[in-house]
Amino acid sequence: MVPAQPLHNALKELDGPSFEPDDFTDDDYSGDDIVSLLEENARLRKLVVRLSEIVLRNVADS
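Residues numbered from 1 in each chain as written. Predicted model: local features only at pLDDT ≥ 70, side-chain atom pairs only at ≥ 80, totals over all residues. Heavy atoms only, no water.

Caption draft 1: Inspection of a nonpolar patch on the surface at higher detail. Together, Tyr29, Ile34, Leu37 and Leu38 make up an exposed nonpolar region whose accessible area comes to about 370 Å². Inspection of the secondary structure assignment puts Leu37 in helix 2 (residues 31–61). (Patch = residues over 30% accessible without salt bridge, like charges linked within 9 Å, V, L, I, M, F, W, Y side chains within 5 Å. Areas by Shrake-Rupley, 256 points an atom, 1.4 Å probe, with all protein chains shown as cover. Salt bridge = Lys/Arg side-chain N within 4 Å of Asp/Glu carboxyl O. Helix = DSSP H or I, 4+ residues; strand = E, 2+ residues; numbered from the N terminus.)

Okay, here's the thing in structure tokens:
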């Protein structure tokens, strides 16, 4: 069985930022690119919610 929470040593890898603040500036993307990224982000969040609901439903049934 897989633990519900990540192991303590796995969290250490997530402590520091994997990118520097200067890696992403507004100059790198056009307005259309940003809108597209935001729309894709919203679409992916909805999919995660749906997947979570399916998983929870199946866990509750078993």
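Caption draft 2: Expanded view of the pattern of salt bridges. With the rule as written, the count across this model stands at one salt bridge. We note a salt bridge from Glu40 to Arg43, for which the minimum N-O separation is 2.8 Å. With a gap of three residues between them, Glu40 and Arg43 both fall in helix 2, about one helical turn apart.

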